[in-house]
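Residues per chain, in single letters:
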Amino acid sequence: IPLFSELGELPQEIDEFISAIAGFYAADLVKQLLKISWQLPKQWIDYSVDRIEEITGIKLKDFVYLIRWQGEENLERWKLVLSDGSPVIIKQTIHQIAVTQDYVILMDTSFVTGVEQLFNHPFPENKPLEETLREILGKPEYPDAVIYLVSRQDLKNGQQVALGDPEVQVEAKKVTIPLEAAHFLADYENPDGQITLHIAHICAWDVADWIRQFDRSPYGNHPLSPPRVYGMEVNEMDISRLGCYVIDGNKGTVIESQVIKETPYTWGPGLYAYLDRLSSGDPPARLENIYWYCFGLWEELMTHYNVKIFRDYKYRAIPMDEVLASGKEGIPACLFRVQTSDMVIADKYQFPPGCMGSSPQFIPKWMPDQQCFTEDSKTGYLVCTVFTPERNEFWVFDAEKLEPGPICKLFHPSLNFGFSLHTTWLPSIGKREADYNIPVALDYEAILNQQCDPKIRELFEQAVYPHFSS
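A quick note: this is a predicted structure, and the numbers were derived from the prediction, not measured.

J.: For this particular structure, what's the right way to read the overall build of the chain?
T.: The helix and strand tally for the chain stands at 8 helices and 21 strands. For the chain, buried positions account for 42% of its 470 residues. In the chain, 67% of the contacts between residues at least 6 apart in sequence involve partners at least 24 apart. Surface summary for the chain: the accessible area is close to 25900 Å², and the carbon and sulfur share equals 54%.

Pasting the structure below:
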């Protein structure tokens, strides 16, 4: 990152020279050679790490720890390994985990992270160089979902690092499912070790990517406009799919699978909502209804780069030319309910053109006669944040009747929120009851003592510590 900052301050003559070179690099053959040369240092590093480990006995390679904290005292952890003893390695990212009655489930999700995401606009006067740099460093996500299953019975007496305990390893079973994913849900009950997963397959879509100022439109190869789209998520490059899978947790194999897609609804399932707790506070045994919000397709969010990088997508369902045509015409955002028993879209609502929703949240209906919330998974309300061409609003839907549209729209002249993601809800607001507390100053002092820049300490002492009493 400091290197990019320094390069951005080069004299204009050198700046122009780099731009000219970037134009030469635009040739695909040169880009391929550069990608190969970029991989050579990594291979050298891997070789060096192997030698260092042999000499020192210290393990430096990738690792994954599953960490448990029970609300007080020390953290405990387990190192995840495969059946052959090799460590679990995450190729992309872990965006979420799920817990069932007998298993902890992790997924290597299709959020691609890498060097290309350490910068956004490093060379403001060199858009060709910025574009070439992104193409050299960038890569599409893996087209499959990789899942790791850990038996909760094996999670006993983990390593407490604070007490100097020895490392504890636990086996994770690896399951590979065709079609990539970012979000998934799991039924809490897993009878006879059979795990039911509900997965949104975001096909040919890197949701960790965003619109750069140097991005070009695939319609005429001109710069994207208007600038208000800079920083927004890019479009998906194929229709998304929704899957329900039954997995044998003991063997790590898929027993049953159902995968659906339906245009124009299942384009870009980003966020979900469902009845996540019963009146008792426990999770429901099975997820009978899941609400998904899909972003649709927007002409302004189609980029030349994504068309190119996903043109040869492994599991393509809609030809790229049709995707481009649909993006040009536009597919509205959609909120729908999936009935998981037969994997059908049982109810849906398409947003008006130009409106984009986000952050769906299911809120169960209060039953005054019984003085409790309903435990029916579709009796309640769906609340979304919505961006309209005029303003920001909150829309409230009857969860049993999405198709007629929102039953209420809330707005205020001072309501102005940014792009929102995950949400939660509280039946009431109260004071914090937990007595566990780590003083902020105590938590950060060791790190601050390692910093040489006095401005960092000044920032904490003036802008952070005064806001915390302990």
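That was the structure; now back to the text.
J.: Would you mind going over the sheet that holds strand β15 (residues 344-350) with me for this structure?
T.: An order of β12-β13-β14-β15 is seen for the 4 strands of this open sheet, with the pairing classed as antiparallel. Each of the sheet's edge strands pairs with one partner strand only, and the pair in question is β12 (269-273) and β15. Strand-to-strand twist across the sheet, computed as the mean angle between neighbouring axes with direction ignored, equals 25 degrees. Two strands pair when backbone bridges link them, and strand β13 (residues 289-294) and strand β14 (residues 334-339) are joined in this way by 6 bridges, in the antiparallel orientation. By the bridge assignment, Asn289 is partnered in β14 with Gln339.

J.: It is not clear to me how the environment of Asp165 should be interpreted in this structure. Could you clarify?
T.: Structurally, Asp165 can be placed in the loop between β5 (144-151) and β6 (169-171). Separated by 89 residues in sequence, Asp165 and Glu76 have C-alpha atoms that sit 9.5 Å apart. Leaving out residues up to four positions away in the same chain, Asp165 has contacts with Gly158, Gln159 and Gln160. Within polar-contact distance, the side chain of Asp165 engages the backbone nitrogen of Gln160 at 3.1 Å.

J.: What exactly am I supposed to notice about the sheet that holds strand β19 (residues 380-387) here?
T.: The strands that make up a sheet pair up through hydrogen bonds in the backbone, lying either parallel or antiparallel. The 4 strands lie next to each other as β16-β19-β20-β21, forming an open sheet whose pairing is antiparallel. The open sheet has two edge strands, β16 (356-364) and β21 (408-410), and neither has a second partner. In this sheet, adjacent strand axes meet at a mean angle of 20 degrees when their direction is disregarded. Note: β16 against β19, 7 bridges, orientation antiparallel. The partner of Gln361 across the bridge, within β19, is Val383.

J.: Before we go on, may I ask you to explain the pairing of strand β20 (residues 392-398) in this structure?
T.: A regular strand places its side chains so that they alternate between the two faces of the sheet. Across the 7 residues of β20, 6 count as buried, placing the element largely inside the fold. Here β19 pairs with β20 via 7 bridges, running antiparallel. Counted as the bridge partner of Val386 is Glu393 from β20. Once β19 ends, the chain turns through 4 residues before running back antiparallel as β20. Note that β20 and β21 share 3 bridges and pair antiparallel. Following the sheet pairing, Val396 is matched in β21 by Cys408.

J.: I keep staring at the packing of aromatic side chains and nothing clicks. Help me out?
T.: The description of two aromatic rings rests on the distance between their centres and on the angle between their planes. Evaluation of the coordinates by the stated rule reveals 21 aromatic pairs. Ring geometry for Phe351 against Trp395: centres 5.5 Å apart, planes inclined by 15 degrees, an arrangement best described as stacked. Taken as a pair, Phe351 in the loop between β15 and β16 and Trp395 in strand β20 lie far apart in primary sequence, 44 residues in all. Accessibility expressed as a relative area gives 1% for Trp395, which makes it buried. Three or more aromatic residues joined by ring pairs form one cluster here, namely Trp205, Tyr293, Phe295, Tyr349, Phe351, Trp395, Phe397 and Phe419. In this structure, Arg212 packs its charged tip against the face of Trp210, placed 3.6 Å from the ring centre.

Basis of the calculations
- Residues numbered from 1 in each chain as written.
- Predicted model: local features only at pLDDT ≥ 70, side-chain atom pairs only at ≥ 80, totals over all residues.
- Heavy atoms only, no water.
- Helix = DSSP H or I, 4+ residues; strand = E, 2+ residues; numbered from the N terminus.
- Buried < 20%, exposed > 50% of the residue type's maximum accessible area, 1.4 Å probe, protein only.
- Contact = heavy atoms within 4.5 Å.
- Areas by Shrake-Rupley, 256 points an atom, 1.4 Å probe, with all protein chains shown as cover.
- Pairing = 2+ DSSP bridges.
- Axes fitted to C-alpha atoms, helices over the stretch in contact; angles between N-to-C directions.
- Polar contact = N/O pair within 3.5 Å; in protein donor to acceptor, adjacent residues only side chain to side chain.
- Phe/Tyr/Trp six-rings, centres within 6.5 Å; stacked < 30°, edge-to-face > 60°.
- Lys NZ or Arg CZ within 6 Å of the ring centre and 35° of its normal.

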